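Working through the structure, step by step
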Amino acid sequence: MDSEAMQPGGKKAGPITMEMVARIAGVSQVSVSRALNHPEKVAPATLARINEAIRATGFVPNLVAGALASRRSGIIAALIPSITNITYSSFLRPFIEAMRQAGYQIILAETGFDEQEEAAMVQNLLSRQPEGILLTGVNHSPDCRRMLLGAGLPVVEVWDTSESPIDISVGFSHVETGRAMARFAWQRGYRQAGVLTAPDQRALRRKDAFCSEFIALGGAAPVEHVCEGSASIKNGREGLAGLMRNGFTSGVIQCSSDLFAHGVLIEAQARSLKVPGDVAVIGFGDMDFAAHTVPKLTTVRVDRDVLGHTAADALLKRIGGHRLTDSTIDVGFKVIGRQSA
C-alpha cells in the first residue's frame, strides 16, 4: 500500500504516491518504477536521487499491485507450528537463507497444531500471491488441501514424508523412527518401557510405532503418558511423575522431544533414580544441549540443515517449472547412542 504523510498534530495528509516521489526526485514515474523493480537499469546519480526521495518521504511501494501486474510477488509463505520450538526454527533458518539468496522474502506464520488454524492461515496467505508455500507436516484439513491444489502453487511439505504429497515432501518417516528407537532399546537390553509424548500427530505416530515394535520384539506393553501443552523441561519432569503414577517403575523411557527427556533426567535425579541404572532415557531431536546433559542424552538426530536446504532447493526448482524425479525426498535419521540409555 502507499505510505501516508502526516501533518503537524498527527493528522493524515493523504498517501505518499509514486508521483510525489517522482516530483521530489525530479524524474518521471516510469523512472521511479524502474528504480524499484530494476535498479541496475537506472543511472547511479538518478537512482541516488530517487532513493533519497523515498527515504525522505517514507514511501512504501504497493507490492501487491506490482505482483498483479508482473505475476510475481517475490514472496514465499512458510507455516510452522511453533516459532519458538527449536525443532522447527532450526530447519527454517537454512531454508530462509537459501530462499533469500534466490531473491525471495519470507512471510512466516505460526499455526500451532490446529489444522483449521492452518487452513485459515493458508487462505489468508494465498490472497497475498506467494510464489511458493512451505508447510510443516503432511496432515492437513480437506479444505486446506483443496485450496492449495486449486491455487496450483509449488508447495513443499517438510518434517514428514507422504506417498501423496500436495506437491513435494521433504522429511523422514516418523513410523520408522519409532521402530528404530524400540529396536535400539531392545538391543541395549531393556524389556520394560514407558513413553512420554506430546499430543501432536507426528509425535503420536512415533509413540505408536515404538510401542508396537517393542511389544513385537517381546517386551512388556509400554506405560504411556501424553503431556498437555508443548514440549518443555517442566512437562518432562511432570511426565516422569505421571508415568510413575500410571505404573512405570523402571526401564527405558521414549520421549517425543529432547526437552521432555531433559526434564525426565532432572526429575529422576530429584527422585534419586540412577540413569541409566533405574531409568534409561531416549530423546528426539539431538538439540544442542543433548550431548551436554548429565548423563549425556541418547536421542534421534535429523540433519535439520540438510532438510532446510533440500526443501529450499526443491521448492526453487518447482517455482522454476521443473518436475522432480521423486515427489518425496527422505533425508533420513540416526539414533545417537549416549550415556542415558
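In this report, the structure presented in the accompanying data block is examined. (Residues numbered from 1 in each chain as written. Predicted model: local features only at pLDDT ≥ 70, side-chain atom pairs only at ≥ 80, totals over all residues. Heavy atoms only, no water.)

This paragraph deals with the pattern of salt bridges. The full count for this structure, using the stated rule, is 16 salt bridges. D160 is the partner of R205 in a salt bridge, and the nearest nitrogen-oxygen pair spans 2.5 Å. Of the two residues, R205 is situated in helix 9 (residues 201-217) and D160 in the loop between strand 6 (155-158) and strand 7 (168-171); the sequence distance between them amounts to 45 residues. Note on R205: relative accessible area 25%, which makes it partly exposed. Where R318 meets D167, a salt bridge forms, and the shortest distance between an N and an O atom there is 3.0 Å. You can see R318 sitting in helix 12 (residues 304-319) and its partner D167 sitting in the loop between strand 6 and strand 7, a full 151 residues away along the chain. For D167, a relative accessible area of 16% gives the class buried. When salt bridges that share partners are traced, they join R93, E97 and D305 into one network. (Salt bridge = Lys/Arg side-chain N within 4 Å of Asp/Glu carboxyl O. Helix = DSSP H or I, 4+ residues; strand = E, 2+ residues; numbered from the N terminus. Buried < 20%, exposed > 50% of the residue type's maximum accessible area, 1.4 Å probe, protein only.)

The subject of this paragraph is the sheet that holds strand 6. Spatial strand order, 4-3-5-6-7-13: six strands in an open sheet with parallel pairing. Whereas interior strands pair on both sides, the edge strands pair on one side only; in this sheet they are strand 4 (105-110) and strand 13 (328-330). Sheet twist, expressed as the average angle between the axes of neighbouring strands with direction ignored, equals 15 degrees. As defined by bridge partners, strand 3 (residues 75-80) adjoins strand 5 (residues 132-136) across three bridges and the pair is classed as parallel. Bridging from a neighbouring strand, A77 pairs with I133 of strand 5. (Pairing = 2+ DSSP bridges. Axes fitted to C-alpha atoms, helices over the stretch in contact; angles between N-to-C directions.)

This brings us to helix 3 (residues 44-57). In an α-helix there are 3.6 residues to a turn, and that puts residues three or four apart on one side. Between its first and last C-alpha atoms helix 3 spans 20 Å; for 14 residues at 1.5 Å apiece the expected length is 20 Å, and the two agree. Restricting attention to buried positions, one finds in helix 3 the residues L47, I50, A53 and I54. Along the axis of helix 3, the buried positions cluster into a sector of 125 degrees, meaning they face one direction only. Projecting away from the buried face of helix 3 at angles above 90 degrees are the exposed residues P44, A45, R55 and A56. As for helix 3, its buried residues are in contact with helix 1 (18-25) and helix 2 (29-37). (Expected span 1.5 Å × (residues − 1). Arc of directions from axis to C-beta. Contact = heavy atoms within 4.5 Å.)

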